[in-house]
Amino acid sequence: MFKRIGWCTDIHLDFVEYSVYREFISAILKAKLDAIFITGDIGNADSVDFYLQQLCKEIGIPVYFVLGNHDFYRGSIRETRKRISNLCQKTPGLIWVTIKGVMELTPNTVLLGHDSWADGRLGNYRDSGVMLNDYLHIKELSNLTKNERLKRLHKLGDEAADYLSYFLSRALENYDHIIFMTHVPPFKEACLYDGRVANDDWLPHFSCKAVGDVLYQGMINNQYVDALILCGHTHTRAEVDILPNLRVKTGAAEYGRPVLQEVICL
Ligand SMILES: [Fe+2]
Ligand SMILES: [Fe+2]
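Just so it is clear, the model here is predicted, and its values are computed rather than measured. (Residues numbered from 1 in each chain as written. Chains lettered and ligands numbered in written order. Predicted model: local features only at pLDDT ≥ 70, side-chain atom pairs only at ≥ 80, totals over all residues.)

Draft legend 1. A look at the overall build of the chain. The helix and strand tally for the chain stands at 7 helices and 13 strands. Along the three orthogonal principal directions, the C-alpha set of the chain runs to about 50 × 45 × 35 Å. Looking at the chain as a whole, 47% of its 266 residues are labelled buried. Taking all contacts inside the chain whose residues are at least 6 apart in sequence as the whole, residues at least 24 apart take part in 77%. (Helix = DSSP H or I, 4+ residues; strand = E, 2+ residues; numbered from the N terminus. Buried ≥ 20, exposed ≤ 12 C-beta atoms within 10 Å, placed from the backbone. Contact = placed C-beta atoms within 7 Å.)

Quick look at the structure:
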């Protein structure tokens, strides 16, 4: 049974010096946690397996995670997902939430999650000049026209939304509290940049509308259940109530300085 859960996001361990990494591990151990949740951007396609294994070994508690866009850099989405799935099968305590459906944390609290992807639907993709490294360093998103890329982004967002739709209905039927882990903020109100909601140039690359729509619909129809959404990606702290029973927390992050965002007590 879980009582204290640590939440981390965008730890980007490939940017972290060893001494800082040790401090990060000590902070986690000192917090006396029962499990840790990581909402993506752990390393890149070459290193994410290694970092996950190390974390699991060093902190000795279950590591629940989703992958972020950076975790596919210098590789492909398809191959990285396959590798991570295999890694989790042979590593006790390492749980890729994206493929696990609903997981009971306490008799009335359930966890679900999905990596998700910024789906290009909020803001103004057509006129946006933003060129994320995703579109250069991830196989499935590189060498595409802007229009072709948008179709891929829609597809990735829809994949996350379809998965959520399927499992959220099960969670809503059986539990009072839902925690949903994802990398990309599902609502524009949770995508801050310089202290305000990201502008129309950035929003298409910062948010997943498809997932937000499923969450909104699910929660507005089930007002006696509450959902906490944990995400990252923008590296800017946000905490918003989209509905009285739908709260979104986006974690703050700085390259080279991984932190424990928060301890969640169940
Ligand atoms: Fe990040
Ligand atoms: Fe990210």
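Draft legend 2. Spotlight on the packing of helix α5 (residues 146–174) against helix α7 (residues 209–220). For the pair α5 and α7, the least separation of the axes is 8 Å and the interaxial angle reads 20 degrees. Viewed along their axes, α5 and α7 adopt a mutual orientation that is roughly parallel. For the crossing formed where α5 meets α7, the hand is right-handed. Touching G157, D158, A160, A161, L164, S165, L168 and L172 of α5 are K209, A210, V211, D213, V214 and G218, all from α7. In terms of residue class, the contact of α5 with α7 is built from 8 nonpolar, 3 polar and 3 charged. (Axes fitted to C-alpha atoms, helices over the stretch in contact; angles between N-to-C directions. Parallel < 35°, antiparallel > 145°, perpendicular 65-115°, else oblique. Left-handed = near helix turned anticlockwise from the far one by under 90°. Nonpolar A, V, L, I, M, F, W, Y, C, P; charged D, E, K, R; others polar.)

Draft legend 3. Examining the pairing of strand β2 (residues 35–39) more closely. Taking burial as the measure, the 5 residues of β2 include 5 buried ones, the bulk of the element. You can see the chain leave strand β1 (residues 4–8), run along helix α1 (residues 18–30) and come back into β2, and the turn it takes is right-handed. As paired strands, β2 and strand β3 (residues 63–66) are joined by 4 bridges and run parallel to one another. The partner of T39 across the bridge, within β3, is V66. Assessed by its sense of winding, the connection that carries the chain from β2 through helix α2 (residues 48–59) to β3 is right-handed. (Right-handed = clockwise from strand over helix to strand, strands pointing away. Pairing = 2+ DSSP bridges.)

Draft legend 4. Just helix α3 (residues 77–90), in detail. With 14 residues, α3 extends 20 Å between its outermost C-alpha atoms, agreeing within 8% with the 20 Å of an ideal straight helix rising 1.5 Å per residue. Along α3, the residues that are buried comprise I77, T80, I84 and C88. Down the axis of α3, the smallest arc covering the buried residues is 70 degrees, so these residues share one side. In α3, the exposed residues that point more than 90 degrees away from the buried face are R78, K82, S85, N86, Q89 and K90. (Expected span 1.5 Å × (residues − 1). Arc of directions from axis to C-beta.)

Draft legend 5. Layout of the nonpolar core. The biggest cluster of nonpolar side chains holds 80 residues, and the ones touching the most others in it are I36, L52, V63, F65, V97 and A160. Looking at which element gives the most residues to this core, the answer is α5, with 9 residues. Aside from chain neighbours lying at most four places away, what touches I36 is I5, G6, C8, I28, I59, I61 and V63. (Core = buried A, V, L, I, M, F, W, Y, C linked by C-beta atoms within 7 Å.)

Draft legend 6. How the structure looks around the sheet that holds β2. Overall, mixed pairing links the 5 strands, which are arranged β4-β3-β2-β1-β13 in an open sheet. Because the sheet does not close on itself, it has two edges, and the strands there are β4 (94–96) and β13 (262–265). Each neighbouring strand pair of the sheet contributes to a mean axis angle of 25 degrees, computed without reference to strand direction. α2 rests against β2, β3 and β4 of the sheet, and its axis sits at about 155 degrees to β3.

Draft legend 7. A look at the environment of A161. As for its placement among the helices and strands, A161 is situated in helix α5. If we ignore the near neighbours within four places in the chain, the residues touching A161 are A210, V211, D213 and V214.

Draft legend 8. Just α2, in detail. With 12 residues, α2 extends 16 Å from end C-alpha to end C-alpha; this agrees with the ideal 16 Å at 1.5 Å per step. Of the residues making up α2, those classed as buried are V48, Y51, L52, L55 and C56. Burial along α2 is one-sided: seen end-on, the buried residues are contained in an arc of 130 degrees. Of the surrounding elements, those touching the buried residues of α2 are β3, α3 and β4. Positive backbone phi, at 65 degrees, marks G60, one or two positions downstream of α2.

Draft legend 9. Region of the structure containing the sheet that holds strand β11 (residues 238–243). Reading across from one edge, β5-β6-β7-β10-β12-β11 is the order of the 6 strands in this open sheet, with mixed pairing throughout. The open sheet terminates on both sides in strands that have one partner only, identified here as β5 (103–106) and β11. Averaged over neighbouring strand pairs, the angle between their axes works out to 25 degrees when direction is ignored. Inspection of the sheet shows strand β7 (residues 177–182) paired to strand β10 (residues 226–231) by 5 bridges, in the parallel sense. Along β10, the bridge assignment pairs I178 with A227.

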